[in-house]
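Coordinate inspection notes
The primary structure of each chain is shown beneath.
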Amino acid sequence: MSPANYPEKGYSYSQAITLTKRRQIVQSCKLKYVRTTSPSLKLPPVITDCDNAEVIGARECKGKEWIHFVGVGGCGLSALAVLALKQGYEVSGSDMMWSDAMDALREEGARVYIGHSELNLRKNNGLVPDSLVVSSAIPGGNVEILHAESVGIPVYKRGAWLGRITKGYNLIAVSGSHGKTTTASMLAYVLNAMGDDLTAVIGARVPQLAERNIICGTGCNFVLEADEYDCCFLGVTPQIAVVTNVDWEHVDMFQDEEAVKTIFRKFIGQIRVGGHLILCGDSPFACSLVNKTGSGSALPVLHNDAFQISTYGISSCNDWHALSISSNSCGGSDYQLLHKGLHIADISLQMPGVHNVLNSLAVIATISALSTDQKNFLSSIASLKLHLQNFEGVSRRFERIGTVRGCHIYDDYAHHPTEIQAALQAARQRFPFQELVVIFQPHTYSRLAALKDDFAIAFTNADRVVITEIYEARETNLWKINGRDLAISIVGPPSEFVPSLIQVLEMLVVQISKDPDHETVILTLGAGDITSVGRKLLTELQHKLL
């Protein structure tokens, strides 16, 4: 599996359509929607039949509708809760553990609770929420869900709620097994910087966005990170859909690769008639989602009668492709941008890794699809180039934590073999000669059990690997597997099993302190609480060595 191109390798309750005790929010998009844009980029009006549609957004509303989010501490639901607050709704939420996201929500005026209770759904005046929005991680027997259903409060799973709040917008849904967070963030940042007054919801913190994981605009465009987990993205009907790749990622949700392809086919089947699919042509599984024409020596052409298709990738067979990729002085990537064989521009990125070249190509192809015509797009290319170059990335995606003497500390969310390979390729690009020490916390028993052989060969770019115990998340260990099993199977660099994060931290402090000026890169990887190690290590080393 090459990191260069990301190749392949619930519960039941009512998803309500209408709100009880709601205040109607009715808007005619044709008559009242006014776009604010940069003079250098003209975007089309919203392309959807939304006359007299009920649309939740930053629109005129009388009174405050109360929305309660169950599982509000997670990145997906916290973003939706922040957006609801910014749009003028009364917001409350609950979760089993406190998180930084809940701190931010409380500061914005939301009522947030530790623990789930029907008391969270009551006010002294007897009012109850107008709707409940529930994270995919919450089981159907949750006390708040049961109470809401018993008193007639509509309950929405996240996918159904996303479908409701994006109705009437020109929805750009960014999907894919890997890379969708960075691609959606980059797209939202660039469009916003180019003057588009869009709305966006991202499933991670984006430091360059004022609200971190959302943009709350008044224009027609809505950029959404569309997640396949729990089939969440099937709740939306995009005008433009981006598929960055297709891979067997959520092994607890999908039985095999074919099941993943099936759900992605359903997703692209929901693209509006006359819409656009932006597809990574370097991903064989992604390309298998649509029909091909052409035979013999002719290159196959992807087509669909209902919508247009544009491809991007490193291969010259794609509509948009990158040529002559090289490292730049910032530690990122430079490349030549070509469209159907014609040189369009020279692109420079701050972020390392060929996977981020692909992410930027997806953004370019999407903005081209949004433009009114190709000449208009080409006239805006200088602005597009500038903002792509200025984009600094997303929290926990090769995020620099800090440097102490010769030790450089980075953190990344990678928890799948394909993502690990991509993260390590990026690390090697930025630090070609330094010692690279990787600390990996496996995430879920099922993923490690299903992909153990792929994990074993994913660390070849590292000089040393430390494996911790598995972060169990939502599972019990039915597979009788542990982190030691992975540590002894790793091919290439020396590896060891250090069960607890506290032990890892203590070991790193001792070893780095012995030779503090030795050029070392510490890269923590995983989707669990491994993210705390880098900052704790930085603090310990600063106290000890400075």
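Remember, it's a predicted structure, so these values are computed and weren't measured experimentally.

1. Overview of the overall build of the chain
From N to C terminus, the chain includes 16 helices and 25 strands. Considering the chain as a whole, with its 546 residues, one finds that 60% of them fall into the buried category. Entry remark: accessible area of the chain is about 21700 Å², with carbon and sulfur atoms responsible for 51%.

2. Here we look at the sheet that holds strand β22 (residues 435-440)
Pairing is mixed across the open sheet formed by six strands, whose spatial order is β20-β21-β25-β22-β23-β24. Of all strands in the sheet, those with a lone pairing partner are β20 (399-404) and β24 (495-497), marking the two edges. Looking at each pair of strands side by side, their axes are set apart by 15° on average, direction ignored. Of the strand pairs in this sheet, strand β21 (residues 407-412) and strand β25 (residues 520-525) are connected by six bridges, and their pairing is parallel. Pairing of D412 across the sheet is with L525, part of β25. Where helix α16 (residues 531-545) meets the sheet, its contacts fall on β20, β21 and β25, and the angle it forms with β20 comes to roughly 15°.

3. Examining the sheet that holds strand β8 (residues 170-175)
Taken together, the 10 strands give an open sheet; going across it, the order is β10-β9-β11-β8-β12-β13-β16-β17-β18-β19, and neighbouring strands pair in mixed fashion. In this open sheet, the two edge strands, each paired with only one partner strand, are β10 (214-215) and β19 (342-349). Helix α7 (residues 257-268) rests against β8, β12 (240-243) and β13 (276-280) of the sheet, and its axis sits at about 160° to β12. Relative to the sheet, helix α9 (residues 354-370) contacts β8, β11 (221-225), β12, β13, β16 (308-313), β17 (320-327), β18 (333-339) and β19, its axis offset from that of β17 by approximately 145°.

4. Here we look at unusual backbone geometry
Non-glycine residue K340 carries a positive phi angle of around 50°. Structurally, K340 is set in the loop between β18 and β19.

5. Some remarks on the packing of aromatic side chains
On inspection of all chains with the given rule, the structure shows 10 aromatic pairs. Relative to Y410, the ring of F398 has its centre 4.4 Å away and its plane inclined at 20°; by these criteria the two rings are stacked. Of this pair, F398 sits in the loop between α11 (381-390) and β20 while Y410 is found in strand β21, placing the two residues 12 residues apart along the sequence. We note that F398, like Y410, is buried. With a centroid separation of 5.5 Å and an interplanar angle of 70°, the aromatic rings of Y410 and F431 are classed as edge-to-face. You can see Y410 sitting in strand β21 and its partner F431 sitting in the loop between α12 (417-430) and β22, a full 21 residues away along the chain. An aromatic cluster is defined as three or more aromatic residues linked by ring pairs; in this entry it consists of F233, F264 and F267. The residue whose ring lies beneath K123 is W66, and the NZ or CZ to ring-centre distance is 4.7 Å. If you follow K261 out to its NZ or CZ, it ends over the ring of F285, 4.6 Å from the centre.

6. Re the confidence of the model for the chain
Mean pLDDT over the chain works out to 87, with 87% of the residues at or above the 70 mark. Confidence drops under pLDDT 50 across residues 1-40; counting only partners more than four residues distant or on other chains, this segment forms 131 contacts.

7. Looking at helix α2 (residues 75-86)
For α2, with 12 residues, the first-to-last C-alpha span of 17 Å sits near the 16 Å given by 1.5 Å per residue. Most of α2 is tucked away, with 10 of its 12 residues classed as buried. The set of residues buried in α2 consists of G76, L77, S78, A79, L80, A81, V82, L83, A84 and L85. G88 sits one or two positions beyond α2 and adopts a positive phi of about 100°.

8. Digging into the pattern of salt bridges
Counted by the stated rule, this structure contains 19 salt bridges. When the shortest N-O distance is used, the salt bridge between E211 and K86 registers 3.2 Å. One end of the pair, E211, is in the loop between β9 (199-201) and β10; the other, K86, is in helix α2, with 125 residues separating them in the sequence. On the basis of relative accessibility, which here comes to 27%, the residue E211 falls in the partly exposed class. Linking R464 and E496 is a salt bridge whose minimum nitrogen-to-oxygen distance equals 3.0 Å. Remark: E496 occurs in strand β24 and R464 occurs in strand β23 (residues 464-467); sequence separation between them is 32 residues. By relative accessible area, R464 is classed as buried at 17%. Connected through shared salt-bridge partners, K86, E108 and E211 make up one network.

9. Notes on the nonpolar core
Formed by 85 residues in total, the largest nonpolar core has its most connected members in F69, V243, L277 and F459. Broken down by element, this core gets its largest block of residues, eight residues, from α2. Leaving out residues up to four positions away in the same chain, L277 has contacts with A241, V243, I268, I271, V290, F307, Q308, I309 and S310. Of all hydrophobic cores here, the second largest spans 46 residues; its members include L187, V242, I278 and Y312.

10. Points about the packing of helix α6 (residues 180-193) against α11
Two numbers describe how α6 lies on α11: the axes approach to 9 Å, and their chain directions differ by 130°. It follows that α6 is oblique to α11 by the angle criterion. Two packed elements cross with a definite hand, and for α6 against α11 that hand is right-handed. Counting all contacts with α6, which are made through M186, Y189, V190 and A193, the residues of α11 involved are L384, H387, L388 and N390. Within the contact of α6 with α11, the residues separate by chemical class into six nonpolar, two polar and no charged.

11. Some details on the environment of Q350
Topologically, Q350 is positioned in the loop between β19 and α9. Note on Q350: relative accessible area 29%, which makes it partly exposed. Between the alpha carbons of Q350 and F391 there is a distance of 7.0 Å; along the sequence they are 41 residues apart.

12. Some details on the pairing of β17
Two strands pair when backbone bridges link them, and β16 and β17 are joined in this way by two bridges, in the parallel orientation. Pairing of G313 across the sheet is with H321, part of β17. Note: β17 against β18, six bridges, orientation antiparallel. Across the sheet, the residue bridging to L323 is Q336, located in β18. The hairpin formed by β17 and β18 contains five residues between the paired strands, and G331 there has a positive phi angle of roughly 85°.

Reading guide: rules and limits
- Residues numbered from 1 in each chain as written.
- Predicted model: local features only at pLDDT ≥ 70, side-chain atom pairs only at ≥ 80, totals over all residues.
- Heavy atoms only, no water.
- Helix = DSSP H or I, 4+ residues; strand = E, 2+ residues; numbered from the N terminus.
- Buried < 20%, exposed > 50% of the residue type's maximum accessible area, 1.4 Å probe, protein only.
- Areas by Shrake-Rupley, 256 points an atom, 1.4 Å probe, with all protein chains shown as cover.
- Pairing = 2+ DSSP bridges.
- Axes fitted to C-alpha atoms, helices over the stretch in contact; angles between N-to-C directions.
- Contact = heavy atoms within 4.5 Å.
- Phe/Tyr/Trp six-rings, centres within 6.5 Å; stacked < 30°, edge-to-face > 60°.
- Lys NZ or Arg CZ within 6 Å of the ring centre and 35° of its normal.
- pLDDT = per-residue confidence, 0-100.
- Expected span 1.5 Å × (residues − 1).
- Salt bridge = Lys/Arg side-chain N within 4 Å of Asp/Glu carboxyl O.
- Core = buried A, V, L, I, M, F, W, Y, C linked by side-chain atoms within 4.5 Å.
- Parallel < 35°, antiparallel > 145°, perpendicular 65-115°, else oblique.
- Left-handed = near helix turned anticlockwise from the far one by under 90°.
- Nonpolar A, V, L, I, M, F, W, Y, C, P; charged D, E, K, R; others polar.

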